[in-house]
Amino acid sequence: YQILVTNNGPAAAGGEAAAPAAAPVTVEFLAWGDVADLPAWDQITALYMERNPNVTVKVTPISDPNANFYTALQTSIAGGAPPHISSFQGWEWQTYADSGVLANVDDYVARDNRGSLYPAGVNGVEVSTKRNDMTYLIPMQLGTMVMFYAKPVFDAAGMAYPTDDWTMEEFLDMARKLTNLSGETKTYGLQANGSWFRDIHWIRSTGKQEFDSLIDPKTAMFNQPEIVEMLQLMASDVYYKDQISPTAADLSGGSNAFETGNVAMKYEGPWWFPRMNSPELREQGAAIPIDVVLMPKGADGTRPHRGWAEGIALPKSDNVDAAWDLANFMSGEEGDKIYSAQTGRIPNTFDLHRSASR
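Given the structure is predicted, the values throughout are model-derived calculations rather than measurements.

A.B. asks: Would you mind going over the pairing of strand β11 (residues 308–313) with me for this structure?
C.D. replies: Taken across its 6 residues, β11 has 6 buried, putting it largely inside the fold. Across 3 bridges, strand β3 (residues 85–88) lies against β11 in antiparallel orientation. By the bridge assignment, Phe88 is partnered in β11 with Gly311. Pairing of strand β6 (residues 138–143) with β11, which is carried by 5 bridges, proceeds in the antiparallel orientation. Looking across to β11, one finds that Ile138 is bridged to Ile312.

Listed below in C-alpha cells is the structure:
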C-alpha cells in the first residue's frame, strides 16, 4: 500500500509573499511486513508526513518477510532502484555494507546530536549495529529471547510457575510432567523451535561456543561433545524420545501450539506478545495469561545469551539526506515509542524501556 500526502502550504498572512515551499520529496521504504509492524508503520509515517507536508512516504511492506523480504530487496538493488530505507534484521545487513550498497550514518548521528543509537556496553547490540567501526543499522528494537510460559497450563496441572533460579534439570522435569498426550486435547510441556540459530541459548548454556568467532567466523565448532549432546536433546529428543514438544505434524492446522493454549513453555522474543495477549485478543476473550522467566541455568550458570538490534538501514540512493531525516524520526524517542507500543517489542534505548515499563 502507499501512504500519500499532498500539501502545498498556506498563503502567508497579511498578503505578504509566502516563503518558498520546500521542494517535494518522495521517500521509498521497503518495510518488514509482519502483521504487528503494519499499524506501526502507518502511524509513524502518517505523523511524519503531517509534520513534513513536502514529503511523501511510500511504504512497501513484504507480507511474508521471513520468506521474501531479502529477495525483494536484492531485486530492487540489482534493478538499480533500491529503496531509500530498508528494514533489516541485525544479522542480515553486513553483507550489504561489505558490498558498498549501504550508507554509513555516523556523520548524520554526530550532526544531529543523537549521541549513540544503541545502549552503551551491550556488545551483542553494538556488533549488530556497526561494521568496521562504522554504523549502518539504525536500531528500532533490542532483541533478546526468554522463556514464555502459559499460566493456565501450570494451573491445570497444579504446578508452581518457574522462577529465575531454576536449573536445566528442573526445566526438563517440569516439561515432562506438563505433557499429557492422552485424552481429547493434548498438552505439551515445551514448543521447541527446531532450528539451531533460534536455539543459541541452549548451545551457550553448555559453556561452549558454536563458532571460533562471532564476527567473521572461520571455523564451525558444533562437533564439541557438549554441543552435540545439547542439539541431540533440543533438535530431536524433545520431539521423538521424550515427546514433550509437538512436531511439525502436530502443529499442522494451527493446533497443539503455545498460542492455542495447550503448550506450557516456549523460548521466544517480545515479538510473540501480540500473538498471545493483545487488546484485540482480550476483547475477544482469547488472550492467554502468560509471563516470562529467565532461561534455566546450564553448565554455564551465567546464562550467556545473544542480544542484538533490529531496525532500518539506508541503501545508497539519490537522496540519503531525506532518508536519514525520516529514519531519525522513526528511531527517535517519539517514533520508537509508537513502534514499541504497536508491536510489543523492546524499545531501542534503556530509558524508553524503563519509561514504558512504568
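A.B. asks: What am I meant to see in the pairing of strand β9 (residues 263–268) here?
C.D. replies: Put simply, side chains in a regular strand alternate between the two faces of the sheet. Across the 6 residues that make up β9, a large majority, 6, are buried. The pairing of strand β7 (residues 146–150) with β9 spans 4 bridges and is antiparallel. By the bridge assignment, Phe148 is partnered in β9 with Lys266. Pairing of strand β8 (residues 188–191) with β9 involves 3 bridges; the strand directions are parallel. In the strand pairing of β9, Tyr188 is matched with Val263.

How each quantity is defined
- Residues numbered from 1 in each chain as written.
- Predicted model: local features only at pLDDT ≥ 70, side-chain atom pairs only at ≥ 80, totals over all residues.
- Heavy atoms only, no water.
- Buried < 20%, exposed > 50% of the residue type's maximum accessible area, 1.4 Å probe, protein only.
- Helix = DSSP H or I, 4+ residues; strand = E, 2+ residues; numbered from the N terminus.
- Pairing = 2+ DSSP bridges.

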